[in-house]
Protein chains: 2
Amino acid sequence: MEQRLDSLRRAMAERGYDALVVPRADEFLGEYIPERNERLHWLTGFTGSAGAAVVLADRAAMFVDGRYTVQVQSQVRDDLYSFHHLVDEPPLQWLAEQLESGQTVACDPRLHSYQWCEQARETLGAMGVSLVCDSDNLVDRCWTERPEEVIREALLLDEAFTGESAESKRVRMAALVAQVDCDAALVFAPDSVSWLLNVRGTDMPQLPVLLSFALLDVQGSLALFTDDRRLPAGFRAHVGEGVEVYPPASFTGVLAEMSGRRILADPANASAWTQQAIVAAGAELVAGKDPVLLAKACKNPVELAGTRAAHLRDGVAVSRFLAWLAGEVAAGNLHDEAVLADELYRLRAGGEYFHACSFDTISAAGANAAMCHYNHMNGEPGTLQRDSVYLCDSGGQYLDGTTDVTRTVAIGDPGPEVRRLFTLVLKGHIALDRARFPRGTTGMQLDALARQYLWAEGFDFDHGTGHGVGVFLSVHEGPQRISKTAGDTALMPGMIVSNEPGYYRDGRFGMRCENLLVVRECDDADAETPMLGFEALTLAPFDVSLLDMTLLTPEEVDWLNAYHARVADSLQPFVSGADAAWLASATAVIGH
Amino acid sequence: MEQRLDSLRRAMAERGYDALVVPRADEFLGEYIPERNERLHWLTGFTGSAGAAVVLADRAAMFVDGRYTVQVQSQVRDDLYSFHHLVDEPPLQWLAEQLESGQTVACDPRLHSYQWCEQARETLGAMGVSLVCDSDNLVDRCWTERPEEVIREALLLDEAFTGESAESKRVRMAALVAQVDCDAALVFAPDSVSWLLNVRGTDMPQLPVLLSFALLDVQGSLALFTDDRRLPAGFRAHVGEGVEVYPPASFTGVLAEMSGRRILADPANASAWTQQAIVAAGAELVAGKDPVLLAKACKNPVELAGTRAAHLRDGVAVSRFLAWLAGEVAAGNLHDEAVLADELYRLRAGGEYFHACSFDTISAAGANAAMCHYNHMNGEPGTLQRDSVYLCDSGGQYLDGTTDVTRTVAIGDPGPEVRRLFTLVLKGHIALDRARFPRGTTGMQLDALARQYLWAEGFDFDHGTGHGVGVFLSVHEGPQRISKTAGDTALMPGMIVSNEPGYYRDGRFGMRCENLLVVRECDDADAETPMLGFEALTLAPFDVSLLDMTLLTPEEVDWLNAYHARVADSLQPFVSGADAAWLASATAVIGH
C-alpha cells in the first residue's frame, strides 16, 4: 500500500497537484462497482461501499461513515492515513484546513456529482485553492495490474417480465421531458437506463444493470452510451426504432449537435463530467430530477406479479433454510456463518429464474450481528453461539423480481432481555406494516411508527427503516425511503420498500425484522379520505420463540397470526417432509 | 369598495404601474396587524389573516388559502374580484399569465419578504415584465380616513418573568452572530426584538409585541428601530448599555456606517425593504436564520415556571366555564356563541396577570365548528344545538405566559358516530402526548402519531397538529412545528408546542382536542439513548361522555385517568361549590 501511495504522489507531483480526492464511486456513481473500478480499495485496502481518500504530498486521510469506523481500522494502515468521519468531517472541510491559497486540488469529474464539484469549487475557492477536474484518472495511471474491463452480454427482458415495451417507456418519459420544457434529458443512472430499455447487464451479478448512460430526446429517441459488445443480437429489435449506440467517450461529440438546447440533468445524481460536457457544448443545463426515477419506482401490474412470484420462491428457500437450521441446531451442529450462508444460497439457487444474490448475505452469529453491515467474508467466519440469536439478511435477484429479507433466529434460549428487545422491534415492524396514510405522505412521516416502541424504552437503531427496491434491478433504489431524514418523495401505489427496524448492542447481539412491502390503495371504498397502505411481499415465518407475549397487544397477535397463516398457505404446497412439519409448527397460531 | 378600487387604479395610472400587489401583511410581516395597516381589508373587505389582492387596470383578483375560500365569497365582491387559491394558483403565477412583456408590476417592499421579491423579479423578468419596489404605498395614498397610528406605552418585563436580563440575552445572541462570521444581524420579527429586550408592546393586546426591528452587532450593542413614544421611562436602565433607539425611517442612515460589513438576515422572514437597504448601503447580505428564533423557542426555567402558573389560572377559568356551561345546558339554556365566549372571557379576565385573549375565541356550535377558523363575530352568532358538540378554542395572554386550549363538549347526546370520531381524535392526542423520541427528532416525524387512528379509519384533518407558542408573546411562533410539511428544526427541551388533532365534517360538526405541551428530557437515567418527551401544560378536563370506550386501550384509559387526576389535584384548591362538584365529576376515574 505504501508503494501505491508513493507512486500516486509522484504522479500528482508531475501534474502539479497538491491534493487528490479518490472516492469509492466509479463513473456510474452506483453502489456496486466492477473490480476494475475499485480504485479506493486498490489504494487503501478498504472494502466498504462508501468512503473516500484524500492524498497530499506528506499526509493522507481516509473518510468513512458510521458503518465503517471499525472496519477501516483493520483494513487501512493508520501510519499512512488519518481516519475521519465522512459526514461529520467531510473531505472538503478537512482539505480546506490543510491547504493554502494558491494550491491545487485535483479530482476526476467522472467520479463525483456535479453538485459535489460545484460545492468543492466554491468551498476551496473561498480559500484561494483551485479545483482541477482531470478525467485522465491518476489512480488508473499508477494501477499497473488493473483488471481488464469485464464485458458480458446483457439480457433482453421480455414484456412478460416488464409489462411495458421499451418504446412505450421512451414515449412516456419523453412526455415528461416535454413537460419541463426541455429538449432532452440525461438519463444517468445505469438502473434507469436498464429499466427504460428493458435490458439487464450481467457484469455484476448482484446488480444486474447495463453499465451505461443515455440522452433521451423530447421525441423519444435515445442515444445510449455503452460498450456495444455488451449488446446481444436482437437488441435493436428489442428496443425499437430511434436508439443509437455510442461509446461513452463519444458523449461530447453527440452533444455538439445540442448547442443551445435545454438538457435536463440531476446535479445531485449525475456525474460532473457529463454535466460539464453539456455546458461546454453550449447547451443549457436544466437542473431537475431524472424523469425515469419515479416511473421506475412505481411498479406496473406485471412487475408486481413477477415480484410476488419471486417472493414465493424466495420464501420457500428461506423457510427451508430456517427449517434446516432448526434441525442442525437441535442436533447440536453449530455451524459457522459461511456454512449457513452457503446453504441458504444453495436453496435459493435451485429456484426458477434465480440469477444471483441481490447483495452479500449478512450471516451473523452472536456479537457479529451487532455490526449492521457485517460480512463473514472479511475474516474468519463466526460460529453459532448457544443461547444467543443468529441474524440472516439476504436476498435474491430473479428474472422476475428482487428480494431482501431478514430473519432473527433464537439459538437456544437467548434470555428475557433479548426477547423484550426483539418484541419491541417486531412491534415497530407490525405498526409500519399496518399503517394507513393519505396520498402525499412521505416515508419520513411514517418512520417513527417503526421506532416508537424502542423509543419509549430508551432504545433506537442507527439506520433507515426502509429503502426502495427494484424489479430485477438494484436492491437499493430511490427516490422513496422510510427514514429519519427528509426526502420529498411521497409513497405511491406500486412502490416497493423494505420494513426493517432492528436493534444492535455492541459486542453482544443484533436483531432485525425485515419484509419487503408494496404500497397499494386500501380497499375501503367508502373512506372519506382514500388511504394507501402496505401489502407484505416477503413470505417467511418470524421466530415466535423470541417473543415476550406480555408486550404484544391483541391486534399485534392477530396480525402475526394472519401473516403466518398467509405464509403457511402460500408455502406449504412447495415444501415437504421435515420442512413442511417445521413450517406448520413455525406458523402455528399463537394465543393472546 | 368600488370607489376605493377606482381611486387605487387612478393612482397606479399616475405612476405608470400596470399591476399592484396588495398583501395582507404589514411592514412587520406578522400575523396580527394594527387596524391602521389593514390595507387589504380597506381595499376588499376581507378580514382573514392571510391573503392578497392583485389589481390591474381592468381586472382584479383576490387570493386566499383553504381556510378562507368560503369567507372570501361573503366578504369580497365577486363583480370586482376573481377568486383564486393562494397556494395552488399564487399571485405571481396568475400575474405572469395576465401581463405582457414591457409591463410593470409594483409592490411595497416593506410588505413582502426579500425571498418573495427576488422570486417575483425572476418570475416576472422571465416574461419581460418588470417589478418596481415602491415603498411610498399607493393604498396609503388613497386611504383618506386611515386610522391614526396607535402609540401605546410598552411594558418592561422584570427578570422575575423573563429569567434573563436583556443584556445577557444580547451577549448570548451576539456570540451566535460571531459564530457565522458576521458583523451584525438583522433581528426583524417584533417578537424576536421583544424577547431580546424583555419588553412587551400594548398596541395589539392579543400579540403583545413592540412593533420594531433591530440591528444587533457582534459586540452586543443594538440599534432599535421603533417610535420612541412607545418606550416608557426606565427603558434605558431596563435594557442596559449599548441600545440606541431610532425611528424606523433612519434604518438606511444607520446602515451607511455598515458599508463592507457582513450582515446576517433571513430572506424568508425579513422584509425586502430592510434587505434591499442593506445591499444598497454596500454591506454584504448573509442569508441565514435570525439567531433569536431558536433561543426564544427554548424557554428557560423561569419562563416555564411562569407558563405553568399561567396555565393553572387558565385551567381554573376554563374549568369554571365548562362547569357553568354544563349547568346552563342542563337548565335548558342553549346560549349563543357570543354569550359563551363572553362568559369565558369574564372568567379568564378575573385571573392574576391577565392581559388579553391570545387570539379571537373560536366559539362554535353545531355545524359552525366544521370551519376550523370560525369566528362568531363575522355574522350572526350561532346557538348551541342539542345532541351535537360545541367546540371552544381560546387562550389568554398573561404577564407570565401564553395559553391556547381547545375543548369539545357534548350538548345532549351527539350519537355514536361523533363519539367514534372524538375517540379517534383523542387517541391521536394521547399518542403524541406520550411520545418519547431522541434528540434531533422534528415535529414532522411525530405528526403521524396524532393522525394514525383517523387514517386507519379513512379520515384526516386539514391543518397542522401543533404550532410553537411564546411566553407572553405570539401564540403562534416558530421555528418548531408538528405537521405534515417539512421543517428542519428539531424539538428541543423547553420548546412549547400545541397538540391539537381534530376532525371536521362539512355542514355537520367539528371537534378538536388541544393541550399545550412542553418538551423535556425524560427522567429515565439509565436509558441507552437519552429520550425527550412532553409534559402537558394545559389543565382542563376532556369530556368523557364523548368517548367510545371500546376503542380505547388500557394504556389510553390510564393516561386519561392520570391526566384528569393531575387536573383535579391542580385545580380543586381554586374552585368551590358547583364548580368543585362538576370538576370532581368531570375528572372521576373511568373504567377500562
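Residues numbered from 1 in each chain as written. Chains lettered and ligands numbered in written order. Predicted model: local features only at pLDDT ≥ 70, side-chain atom pairs only at ≥ 80, totals over all residues. Heavy atoms only, no water.

*Asks:* Which residues make up the interface of chain A and chain B, and what are the values?
*Replies:* Contacts between the two partners involve 26 residues from chain A and, on the opposite side, 26 residues from chain B. Overall, the association of chain A and chain B removes approximately 2000 Å² of surface from exposure, summing both partners, and the carbon and sulfur fraction of that is 57%. Our enumeration of links across chain A and chain B arrives at two salt bridges. Inspection of the region where chain A meets chain B yields eight residue pairs in polar contact (both at pLDDT 80 or more). Looking at the side of chain A that touches chain B residue by residue, the classes come out as 12 nonpolar, six polar and eight charged. (Contact = heavy atoms within 4.5 Å. Buried area = accessible area lost by both parts, 1.4 Å probe. Salt bridge = Lys/Arg side-chain N within 4 Å of Asp/Glu carboxyl O. Polar contact = N/O pair within 3.5 Å; in protein donor to acceptor, adjacent residues only side chain to side chain. Nonpolar A, V, L, I, M, F, W, Y, C, P; charged D, E, K, R; others polar.)

*Asks:* Quick one: what's the story with the sheet that holds strand β2 (residues 52-56) of chain A, residue by residue and with numbers?
*Replies:* Residue and element names in this part refer to chain A. Overall, mixed pairing links the six strands, which are arranged β4-β3-β2-β1-β5-β6 in an open sheet. Since the sheet does not close on itself, it has two edges, and those belong to β4 (82-85) and β6 (130-133), each with one partner. Going across the sheet, the axis of each strand differs from the next one's by a mean of 25°, ignoring polarity. Sheet analysis places β2 next to strand β3 (residues 60-64), joined by four bridges and oriented antiparallel. Bridging from a neighbouring strand, A53 pairs with M62 of β3. Across the face of the sheet, helix α4 (residues 91-98) comes into contact with β1 (19-23), β2, β3, β4 and β5 (104-107) while running at roughly 10° to β2. (Pairing = 2+ DSSP bridges. Helix = DSSP H or I, 4+ residues; strand = E, 2+ residues; numbered from the N terminus. Axes fitted to C-alpha atoms, helices over the stretch in contact; angles between N-to-C directions.)

*Asks:* Let's hear about the pattern of salt bridges: which residues, and what values?
*Replies:* In this structure the tally under the stated criterion is 78 salt bridges over all chains. E284 of chain B is the partner of R262 of chain B in a salt bridge, and the nearest nitrogen-oxygen pair spans 3.2 Å. Here the residue R262 of chain B occupies a position in strand β13 (residues 262-265), and E284 of chain B occupies one in strand β14 (residues 284-287), the gap between them amounting to 22 residues. In this structure E284 of chain B comes out as partly exposed when scored by relative accessible area, which is 40%. One salt-bridge network, held together by shared partners, links E27, R39, D108, R110, D140 and R146 of chain A. (Buried < 20%, exposed > 50% of the residue type's maximum accessible area, 1.4 Å probe, protein only.)

*Asks:* With reference to specific residues and values, describe the relation of the copies chain A and chain B.
*Replies:* Structural alignment of chain A on chain B gives an RMSD of 0.1 Å, achieved by rotating through 180° and translating 0.1 Å along the axis. Within this description, the copies of the chain are treated as partners about a two-fold rotation axis. For chain A, the minimum C-alpha distance to the rotation axis belongs to Q445 of chain A and amounts to 2.5 Å. A high fraction, 100%, of the interface residues of chain A reappear at the interface in chain B, so the copies pair face to face through one surface. (Least-squares fit on C-alpha atoms with pLDDT ≥ 70 in both.)

*Asks:* I'd like a rundown of the pairing of strand β11 (residues 222-225) of chain A, residues and numbers included.
*Replies:* Residue and element names in this part refer to chain A. Here β11 shows a buried face lined by L222 and L224 and a second buried face lined by A223 and F225. Pairing between β11 and strand β12 (residues 243-246): four bridges, direction parallel. Across the sheet, the residue bridging to F225 is Y246, located in β12.

*Asks:* Go over the nonpolar core, please, and point to the residues and values.
*Replies:* Within the largest apolar cluster, 111 residues are counted, with the highest numbers of intra-cluster contacts made by F437 and F534 of chain A together with F437 and F534 of chain B. Here F534 of chain A is in contact with L432, D433, A435, F437, L446, I482, L491, V497, L517, V518, V519 and R520 of chain A, once residues within four sequence places are set aside. (Core = buried A, V, L, I, M, F, W, Y, C linked by side-chain atoms within 4.5 Å.)

*Asks:* Outline the sheet that holds strand β19 (residues 401-402) of chain B, listing residues and values.
*Replies:* Residue and element names in this part refer to chain B. If you trace the three strands from one edge of the open sheet to the other, you get β15-β18-β19, paired in antiparallel fashion. Since the sheet does not close on itself, it has two edges, and those belong to β15 (354-357) and β19, each with one partner. Across the sheet, helix α14 (residues 301-330) is in contact with β18 (396-398) and β19; its angle to β18 comes to roughly 130°. Relative to the sheet, helix α15 (residues 337-349) contacts β15 and β18, its axis offset from that of β15 by approximately 160°.

*Asks:* Describe unusual backbone geometry, and please don't skip the residues or the numbers.
*Replies:* Residues and elements named next belong to chain A. Each neighbour pair has its own omega, and for G478 with P479 the value is 5°, a cis peptide bond. The phi dihedral of D181 falls on the positive side, at around 60°, and the residue is not glycine. Tracing the backbone through its elements, the reader meets D181 in the loop between α8 (166-179) and β8 (184-187). Classification of D181 as exposed rests on a relative accessible area of 60%.

*Asks:* How would you summarise the pairing of strand β3 (residues 60-64) of chain B if you had to cite specific residues and measurements?
*Replies:* Residue and element names in this part refer to chain B. Of all five residues in β3, five are buried, a share of seventy percent or more. By the alternation rule, side chains of β3 split into A60, M62 and V64 and A61 and F63, which are all buried. What sits between the antiparallel neighbours strand β2 (residues 52-56) and β3 is a turn of three residues. Bridging between β3 and strand β4 (residues 82-85) involves four bridges; their strand directions are parallel. Considered in β4, the bridge of V64 is made with H85.

*Asks:* Can you tell me about the confidence of the model for chain A, naming the residues and giving the values?
*Replies:* Summary statistics for chain A give a mean pLDDT of 95 and a share of 100% for residues scoring 70 or more. Both scores are given for the predicted complex: the pTM is 0.93, the ipTM 0.91. (pLDDT = per-residue confidence, 0-100.)

*Asks:* Tell me about the packing of α8 of chain A against helix α9 (residues 190-197) of chain A, and name the residues and values.
*Replies:* All names here are of chain A. The contact between α8 and α9 brings their axes to 7 Å, and the two run at 120°. If you check the angle between α8 and α9, you find them oblique. The residues of α9 that touch α8, namely those facing A166, K169, R170, R172 and M173, are W195, L196 and L197. Here the contact of α8 with α9 is composed, by residue class, of five nonpolar, no polar and three charged. (Parallel < 35°, antiparallel > 145°, perpendicular 65-115°, else oblique.)

*Asks:* I'd like to hear about the packing of aromatic side chains, residue by residue, with values.
*Replies:* In this structure the tally under the stated criterion is 38 aromatic pairs over all chains. With 6.2 Å between their ring centres and 45° between their planes, Y503 of chain A and F509 of chain A make a pair best called tilted. For F509 of chain A, a relative accessible area of 4% gives the class buried. Taken together, a centroid distance of 5.2 Å and an interplanar angle of 85° make the contact between F213 of chain B and F251 of chain B edge-to-face. (Phe/Tyr/Trp six-rings, centres within 6.5 Å; stacked < 30°, edge-to-face > 60°.)

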